[in-house]
Amino acid sequence: VMGMLMLMHDIGAPGSHYPRANPPTSQQRDIVGQSSRRDSSNDENNNDTTSSLELGVQKEENIQNSAKQSIKNTPIHIHLMHAVYESFLALLQQNYNSTAVTPSGKINLLGSSFFILAIMAIYTANLAAILTQDAMAPTVESIHDAIRAGYNFCGERKSVEAVMDLYGISNRFVPDPMELGGDGKPGFNCNSCESRNRVFDFMKRGHNDPSTYCNAAIVPQEDLELLQSYGLHCDKKKAGNLPIYTQTGFPVFDGVSTELISLFLQLKNNGVYVSKLERSRPMDACPITSGEGTSLSVYQLTGVWVITFIFAFFGIIARFAPTLWVWLSSVSQKRIKKDQGNMKKSLKDASTCRVPSSENNPPDTFAQEK
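Residues numbered from 1 in each chain as written. Predicted model: local features only at pLDDT ≥ 70, side-chain atom pairs only at ≥ 80, totals over all residues. Heavy atoms only, no water.

## Describing unusual backbone geometry
With the exception of glycine, the majority of residues adopt a negative phi angle, and the majority of peptide bonds are in the trans configuration.
Here's step 1: For E194, which is not glycine, the phi dihedral falls at a positive 50 degrees.
Here's step 2: On the secondary structure map, E194 appears in the loop between α7 (157-167) and α8 (195-201).
Here's step 3: With a phi angle near 50 degrees, H233 is a residue other than glycine that sits in the positive phi range.
Here's step 4: The residue H233 is located in the loop between α9 (221-229) and α10 (254-269) in this model.
Here's step 5: Residue classification places H233 among the buried residues on the basis of a relative accessible area of 18%. (Helix = DSSP H or I, 4+ residues; strand = E, 2+ residues; numbered from the N terminus. Buried < 20%, exposed > 50% of the residue type's maximum accessible area, 1.4 Å probe, protein only.)

Below, the structure written as structure tokens:
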């Protein structure tokens, strides 16, 4: 787009890259000179009486006529392809080599140069960020990945008993601390160690003490959401879906069980449970951070396009401002001339109008004539 705008600004301008006509090449000029010399030699052989001055004038006229015939107008599609090619070449070379000769073209050139500078800098930074992000991305997305990676786990015993039995990984859980009143079995169950919070407190990446610390934790999601609503453990995040589902219920009298089951299913299908859950979900108080390895999105790059097209817009204004000014001036001049003509006509009409004097006509006669 910027290349086509550059074509619009500089086409036909003296010294621009987009002339309206191509001048004759050196080979064409040699051919023209040879033909003119042949014509002059033939004239000298046929007309011995012609003076040398006349031969020189005739030779110069032949050269000018042949040169005019050899100049051809350049088709607009040739200029258009050249402009698009120059734009892509400037982006790859990180430099716009074309020289703008008009004021509007110079403004457009500023926009093109800013776009090239910003895009290349952002592309380099984004590429480094994407590569860093890929290297830092967690490779564990499920409990199966964690088991294969050799992780050990933390968890409250009553929450992870089913997981230990299902996957057979009880030996990978940090034992209950005996120094705090625990029994030393897998999973935290001590009364004085705050087992639900201890799960998060003793998560440590790259530790060397599996009897105290863990690489990952298996906890209910609401525990993490509740702690992060107070701004705690913001460095922890969910790495996978629930490894196991458990169902709980409450007893219902047989006389109304059918009606209650129908009511509960209807509420579930209407989305009442989900809406209540989302409404009661605590707000995350952890700060939003974009650390190393976060690349810019397309929405964040809109500023580059906006600034570039602002330059393009001002270039278009500078391109058509002189024409608009001439048109407004001509309209103003026509209006002034029209007003002057109307004024002269009014003065002429007023000068031809004569008011009768009271000496020649009595008041009654003047009233009758009026």
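## Looking at the packing of aromatic side chains
Here's step 1: Counted according to the given criterion, the structure contains three aromatic pairs.
Here's step 2: Plain terms: the ring middles of F153 and F173 are 5.7 Å apart, the flat faces sit at 40 degrees to each other, and that makes the pair tilted. Here F173 lies in the loop between α7 and α8 and F153 lies in strand β3 (residues 153-154), a separation of 20 residues in the sequence.
Here's step 3: Overall, the relative accessible area of 2% leaves F153 in the buried class.
Here's step 4: Between the NZ or CZ atom of R198 and the centre of the ring of F202, over which it lies, the distance is 4.0 Å. (Phe/Tyr/Trp six-rings, centres within 6.5 Å; stacked < 30°, edge-to-face > 60°. Lys NZ or Arg CZ within 6 Å of the ring centre and 35° of its normal.)

## A short note on the state of the cysteines
Here's step 1: Under the defined criterion, the tally for this structure stands at three disulfides.
Here's step 2: Put simply, C234 and C286 are joined by a disulfide, and their sulfur atoms are 2.0 Å apart. Its torsion about the S-S bond being -85 degrees, the disulfide of C234 and C286 is classed as left-handed. Taken as a pair, C234 in the loop between α9 and α10 and C286 in the loop between α11 (272-280) and α12 (302-352) lie far apart in primary sequence, 52 residues in all. (Disulfide = S-S within 2.5 Å.)

## What to know about the layout of surface pockets
Here's step 1: Here the second largest pocket is characterised by a volume of approximately 330 Å³.
Here's step 2: Contributing to the lining of the second largest pocket are 15 residues, with V1, M2, G3, S87 and F115 lying nearest its centre.
Here's step 3: Elements that contribute at least two residues to the lining of the second largest pocket include exactly α1 (2-10), α4 (76-93), α5 (103-136) and α12.
Here's step 4: Broken down by element, the lining of the second largest pocket gets its largest block of residues, four residues, from α4.
Here's step 5: Residues that form the lining of the second largest pocket fall into these classes: 11 nonpolar, four polar and no charged. (1 Å grid on protein atoms, 1.4 Å probe; cavity = no way out; pocket = protein on both sides within 12 Å on 5 of 7 lines; lining within 4 Å. Points joined across faces, edges and corners; volume = space filled by probe spheres on them. Nonpolar A, V, L, I, M, F, W, Y, C, P; charged D, E, K, R; others polar.)

## Here's the deal with a nonpolar patch on the surface
Here's step 1: A cluster of nonpolar side chains, V1, M4, L80, V84, F88, W305 and F309, forms an exposed patch at the surface whose accessible area comes to about 680 Å².
Here's step 2: Sorting the residues of the nonpolar patch by element identifies α4 and α12 as the ones contributing at least two each.
Here's step 3: Looking at the element boundaries, F309 is found in helix α12. (Patch = residues over 30% accessible without salt bridge, like charges linked within 9 Å, V, L, I, M, F, W, Y side chains within 5 Å. Areas by Shrake-Rupley, 256 points an atom, 1.4 Å probe, with all protein chains shown as cover. Salt bridge = Lys/Arg side-chain N within 4 Å of Asp/Glu carboxyl O.)

## Re the side chain of H207
Here's step 1: Along the chain, H207 turns up in the loop between α8 and β4 (216-217).
Here's step 2: Residue classification places H207 among the buried positions, given a relative accessible area of 14%.
Here's step 3: Of note is the side chain of H207, whose polar atom sits 3.0 Å from the side chain of N152.
Here's step 4: Apart from the residues lying within four places of it in its own chain, the contact partners of H207 are N152, Y213, C214 and N215. (Polar contact = N/O pair within 3.5 Å; in protein donor to acceptor, adjacent residues only side chain to side chain. Contact = heavy atoms within 4.5 Å.)

## Focus on the confidence of the model for the protein
Here's step 1: Of the residues in the protein, 72% reach a pLDDT of 70 or more, and the chain-wide mean stands at 74.
Here's step 2: Mean pLDDT per element in the protein: helix α13 (residues 363-369) is the minimum at 47, and β3 is the maximum at 92.
Here's step 3: Every residue in residues 26-33 is under pLDDT 50, and counting partners more than four places away or in other chains gives five contacts.
Here's step 4: Taken together, the stretch residues 42-53 has pLDDT below 50 and engages in four contacts with residues farther than four places along the chain or on a different chain. (pLDDT = per-residue confidence, 0-100.)

## Here's the deal with the packing of α1 against α4
Here's step 1: Two elements in contact, α1 and α4, have axes whose closest approach is 8 Å; the angle formed by their N-to-C orientations is 130 degrees. Overall, the two elements α1 and α4 adopt an arrangement that is oblique. α4 is crossed by α1, and the crossing has right-handed handedness. Contacts between α1 and α4 pair M2, G3, M4 and L7 from the former with I76, H79, L80, A83, V84 and S87 from the latter.
Here's step 2: A breakdown of the residues in the contact of α1 with α4 according to their chemical character gives seven nonpolar, three polar and no charged. (Axes fitted to C-alpha atoms, helices over the stretch in contact; angles between N-to-C directions. Parallel < 35°, antiparallel > 145°, perpendicular 65-115°, else oblique. Left-handed = near helix turned anticlockwise from the far one by under 90°.)

## Things to note about α7
Here's step 1: Those residues of α7 that fall on the buried side of the exposure criterion are R157, V160, V163 and M164. Projected down its long axis, α7 shows its buried positions confined to an angular sector of 125 degrees, all on one face. When the buried face of α7 is taken as reference, the exposed residues oriented beyond 90 degrees from it are K158, D165 and L166.
Here's step 2: If you follow the buried residues of α7, they end up packed against α6 (143-148).
Here's step 3: G168 lies just past α7 and shows a positive phi near 65 degrees. (Arc of directions from axis to C-beta.)

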